[in-house]
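One-letter residues, chain by chain:
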Amino acid sequence: MDQDTKKPITYGTRNLADEDLTQAVLATFENSSSERFQKVMQSLVRHLHAFVKDVELTEEEWFKGIDYLTRIGHITDDQRQEFVLLSDILGISMLVIDINNKQSPEATASTVFGPFFVEGSPRFANGDDIANGASGEPCFMHGHVLSIAGEPLPDARIEIWQADDNGFYDVQSQESSQVYGRGHLYADEAGNYSFWSVRPEAYPIPEDGPVGELLEAANRSPMRPAHVHFMIKVPGYKTLITHVFKEGDQYLDSDAVFGVRSSLITSFDRHEPGIAPDGKKMDVPFYTMHYDFFLMPIKE
Ligand code: BEZ
Ligand code: FE
């Protein structure tokens, strides 16, 4: 819009302080082109002003805050999203997920997406081994993809990604570009899925940037309990982004990103060498994990 055609300012911006200053800034959004934008911005201003007053922010702290956000911006690129990580450790990601996924209790709970998903993962067939060299003990993972009414959802697209037993995702390696512990496959006609991978282990979220500094300053643990990520897509159903967590993990009640839901915890059972559930003969001990996912239909 041309400067001259913008609506004139009808409120004062001079000699303002305290509540008058807050009210004047709020008024600048009264002519917004979208009602939602106006609501979000006015609420943000109200809360930010209240925060500054509440802590009586010093100028030094204000500069530090600006520098902090600047550094978060500088470390963020296509491979690394430090803003999302900040949102995760402040519990904002889970708050947004909870507000937007108030669904039937039968549906599988959603949790954080995290920074380690990669588009274009390799395709596998049901029953394949997606570990592809990931270090760790072999684990057979299987279950069903069902609607909340219990009907099988054939051809559900199941995306899986996980860290190896050293707590690293393939994309974190500086030396190698080998893809491991990730892939996608499709449920069969009866909604069954199965694949081999490795048993997940607990790991720390990336700590070498501004988010790590914040955790350190707060004496907070960076650890996440062992989990496997799943993203399940079925036409006509709400896409499910979730994890399955390992029962008994010591960090289940101190997850750095507040992502654990009791309903997402399941056992990873150890077995001596022998015949696995898919008939494969195992010469080494192995684990099995069984989990069924329930998806919500999209309302028309
Ligand atoms: C993850 O589980 O991959 C993750 C989620 C949030 C922050 C960091 C990592
Ligand atoms: Fe993860």
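Quick note: structure is the one above.
Below you will find a few notes about this structure. (Residues numbered from 1 in each chain as written. Chains lettered and ligands numbered in written order. Predicted model: local features only at pLDDT ≥ 70, side-chain atom pairs only at ≥ 80, totals over all residues. Heavy atoms only, no water.)

This paragraph deals with the packing of helix H3 (residues 59-75) against helix H6 (residues 210-217). Contact pair H3 / H6: the axes reach a minimum separation of 9 Å and the direction vectors enclose 135 degrees. Considered as vectors, H3 and H6 are oriented oblique to each other. Residue-level contacts link Tyr68, Arg71, Ile72 and Ile75 of H3 to Pro210, Val211, Glu213 and Leu214 of H6. Among the residues forming the contact of H3 with H6, the class breakdown is six nonpolar, no polar and two charged. (Axes fitted to C-alpha atoms, helices over the stretch in contact; angles between N-to-C directions. Helix = DSSP H or I, 4+ residues; strand = E, 2+ residues; numbered from the N terminus. Parallel < 35°, antiparallel > 145°, perpendicular 65-115°, else oblique. Contact = heavy atoms within 4.5 Å. Nonpolar A, V, L, I, M, F, W, Y, C, P; charged D, E, K, R; others polar.)

Below, the discussion takes up the packing of aromatic side chains. In this structure the tally under the stated criterion is 15 aromatic pairs. Plain terms: the ring middles of Phe113 and Phe117 are 5.2 Å apart, the flat faces sit at 40 degrees to each other, and that makes the pair tilted. By relative accessible area, Phe117 is classed as buried at 17%. With a centroid separation of 5.6 Å and an interplanar angle of 85 degrees, the aromatic rings of Phe113 and Trp161 are classed as edge-to-face. Placement of Phe113 in the loop between helix H5 (92-100) and strand S1 (138-147) and of Trp161 in strand S2 (residues 157-161) is noted, with a sequence separation of 48 residues between them. A residue is classified by how much of its surface remains accessible, and Trp161, at 1% relative accessible area, is buried. Between the NZ or CZ atom of Arg199 and the centre of the ring of Tyr287, over which it lies, the distance is 4.2 Å. Directly above the aromatic system of Trp196 lies the positively charged group of Lys280, at a separation of 4.6 Å from the ring centroid. (Phe/Tyr/Trp six-rings, centres within 6.5 Å; stacked < 30°, edge-to-face > 60°. Buried < 20%, exposed > 50% of the residue type's maximum accessible area, 1.4 Å probe, protein only. Lys NZ or Arg CZ within 6 Å of the ring centre and 35° of its normal.)

What follows covers the sheet that holds strand S7 (residues 227-233). Strand pairing in a sheet takes place through backbone hydrogen bonds and is either antiparallel or parallel in direction. Within the open sheet, the five strands sit side by side as S3-S2-S7-S8-S9. Their pairing is mixed. Lying at the two open borders of the sheet, with one neighbouring strand each, are strand S3 (182-186) and strand S9 (265-266). As paired elements, S7 and strand S8 (residues 240-246) share six bridges and run antiparallel to each other. By the bridge assignment for S8, His229 is matched with His243. (Pairing = 2+ DSSP bridges.)

Next up on the list: the site of ligand 1. Inspection of the region around ligand 1 gives 13 residues, with Asp88, Tyr203, Arg224, His227 and His229 positioned closest. The separation between an oxygen atom of ligand 1 and a polar side-chain atom of Tyr203 is 2.6 Å. Between ligand 1 and Arg224 there is a distance of 2.5 Å, counted from an oxygen atom to a side-chain nitrogen or oxygen. Sorting the residues of the shell around ligand 1 by element identifies helix H4 (82-89) and S7 as the ones contributing at least two each. Split by residue class, the shell around ligand 1 holds seven nonpolar, four polar and two charged. (Near = heavy atom within 4 Å. Polar contact = N/O pair within 3.5 Å; in protein donor to acceptor, adjacent residues only side chain to side chain.)

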